[in-house]
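# Observations on chain architecture
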Amino acid sequence: SGLLPVEASSTELQLLAVSFALAAFLETPFALMRTEGRVGTFTVCSILRLVVQISLMAVLLHAGWGVMGALLASALASLALSVAVVTDLISRIGISLPRGSALRDQALYGGPLMLAGLAAFAQNAGDRWLVGETFGTVDLAVYALAVKAALFTSLVLRPYDMWWEANRMRLRDGPGGLARVRKAI
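Just so it is clear, the model here is predicted, and its values are computed rather than measured.

Reading the values: the criteria
- Residues numbered from 1 in each chain as written.
- Predicted model: local features only at pLDDT ≥ 70, side-chain atom pairs only at ≥ 80, totals over all residues.
- Heavy atoms only, no water.
- Helix = DSSP H or I, 4+ residues; strand = E, 2+ residues; numbered from the N terminus.
- Buried < 20%, exposed > 50% of the residue type's maximum accessible area, 1.4 Å probe, protein only.
- Expected span 1.5 Å × (residues − 1).
- Bend = angle between axes of the 7 residues up to and from the residue.
- Phe/Tyr/Trp six-rings, centres within 6.5 Å; stacked < 30°, edge-to-face > 60°.
- Core = buried A, V, L, I, M, F, W, Y, C linked by side-chain atoms within 4.5 Å.
- Contact = heavy atoms within 4.5 Å.
- Axes fitted to C-alpha atoms, helices over the stretch in contact; angles between N-to-C directions.
- Parallel < 35°, antiparallel > 145°, perpendicular 65-115°, else oblique.
- Nonpolar A, V, L, I, M, F, W, Y, C, P; charged D, E, K, R; others polar.
- Salt bridge = Lys/Arg side-chain N within 4 Å of Asp/Glu carboxyl O.
- pLDDT = per-residue confidence, 0-100.
- Patch = residues over 30% accessible without salt bridge, like charges linked within 9 Å, V, L, I, M, F, W, Y side chains within 5 Å.
- Areas by Shrake-Rupley, 256 points an atom, 1.4 Å probe, with all protein chains shown as cover.

### What about the environment of Ala-17?
Relative to the assigned elements, Ala-17 resides in helix α1 (residues 10–35). Taking relative accessible area as the criterion, Ala-17 reaches 43% and is therefore assigned partly exposed. Here the alpha-carbon distance between Ala-17 and Leu-71, two residues 54 residues apart in the chain, equals 9.7 Å.

This is the structure in structure tokens:
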């Protein structure tokens, strides 16, 4: 049966790889936005990617593209957001490529992070492989939709959670802060 629980074309696998790579890439600029307190920009980017991806997916699925359409929609939405984020980064802070020891230091730091990311992917996607292998593609599709629906609530609340985590200590340390934080919880 191979690595995947279903048969996939090389194009589908390439689109899947592009989507994963771009999603991983976007985590760094998103972390920078949160660090800089640009929650509005982060929220707009997240919502725009969601809207673009869902819109493209609806159009492509309606046109009969099937799984390929869903994968293409994901890749295109992530690509569009990546271009926008890189353009924003270059205009705000500039870009310089590391050289020499800086490149080595970044590889030593980033290499284990990439391995940890791959391990997390295997851990988080392992259930889908098992469901697909054990029950088949129809049940896998239903399971994947159920997982997406369950995660929707956490995605909607994510901007608030990030704001709260970043600001609760500041609020606690302010006048009447402990009472304000207790009331908020």
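### Section: helix α5 (residues 137–173)
Taking 1.5 Å per residue as the helical rise, α5 with its 37 residues ought to reach 54 Å, and the 53 Å between its terminal C-alpha atoms agrees with that figure. The axis of α5 is deflected most strongly, by about 45°, at Arg-158, and proline Pro-159 appears within four residues downstream. Within α5 the residues assigned to the buried category are Leu-140, Val-147, Pro-159, Met-162, Trp-164, Asn-167 and Leu-171.

### Some thoughts on the packing of aromatic side chains
A ring pair, where both rings are aromatic, is described by two values, the distance of the centres and the angle of the planes. Following the criterion strictly, the structure yields 2 aromatic pairs and no others. Ring centres of Phe-30 and Phe-42 lie 5.0 Å apart, and the angle between their planes is 85°; on these two criteria the pair is classed as edge-to-face. Here Phe-42 lies in helix α2 (residues 39–62) and Phe-30 lies in helix α1, a separation of 12 residues in the sequence. For the pair formed by Phe-30 and Phe-42, the shared burial category is buried.

### Overview of the nonpolar core
Counting 9 residues, the largest nonpolar core consists of Leu-26, Phe-30, Met-33, Phe-42, Cys-45, Leu-81, Val-85, Leu-89 and Met-162. For this core, the secondary-structure elements that each account for two or more residues are α1, α2 and α3 (66–93). In contact with Phe-30, not counting residues within four places along its chain, are Phe-42, Cys-45, Ser-46, Arg-49, Leu-81 and Val-85.

### Here we look at the packing of helix α4 (residues 100–135) against α5
Packing of α4 against α5 brings their axes to within 8 Å, and their N-to-C directions diverge by 150°. With respect to α5, the element α4 is oriented roughly antiparallel. Contacts between α4 and α5 involve Asp-127, Arg-128, Val-131, Gly-132 and Phe-135 from the first element and Asp-139, Leu-140, Tyr-143 and Val-147 from the second. By residue class, the composition of the contact of α4 with α5 is 5 nonpolar, 1 polar and 3 charged.

### Some points on the pattern of salt bridges
For the structure shown, the criterion picks out 6 salt bridges. The salt bridge involving Arg-38 is made with Glu-36; its shortest N-O contact spans 3.7 Å. For the salt bridge of Asp-88 with Arg-92, the shortest nitrogen-to-oxygen distance reads 3.1 Å. Taken as a pair, Asp-88 and Arg-92 lie in helix α3 at a separation of 4 residues, close to a single helical turn. Asp-88 sits in the partly exposed class, given a relative accessible area of 23%. Overlapping salt bridges bring together Glu-36, Arg-38, Asp-88 and Arg-92 as one network.

### Focus: the confidence of the model for the chain
Taken as a whole, the chain shows an average pLDDT of 84; of its residues, 96% reach a score of 70 or greater. Taking the mean pLDDT of every element in the chain, the minimum, 76, falls on helix α6 (residues 177–184) and the maximum, 92, on α2.

### Details of a nonpolar patch on the surface
A surface patch of nonpolar side chains, about 480 Å² in accessible area, is lined by Phe-25, Val-86, Ile-90, Ile-95 and Leu-97. Examined against the element boundaries, Ile-90 turns out to sit in helix α3.

### Focus on α2
Three- or four-residue spacings in an α-helix give side chains the same orientation, since the helix completes a turn every 3.6 residues. With 24 residues, α2 extends 34 Å from end C-alpha to end C-alpha; this agrees with the ideal 34 Å at 1.5 Å per step. By the burial criterion, the buried members of α2 are Phe-42, Cys-45, Gln-53 and Leu-60. Those residues of α2 hidden inside the fold are in contact with α1, α3 and α5. Once α2 finishes, Gly-64 follows within two positions and takes phi at roughly 90°, a positive value.

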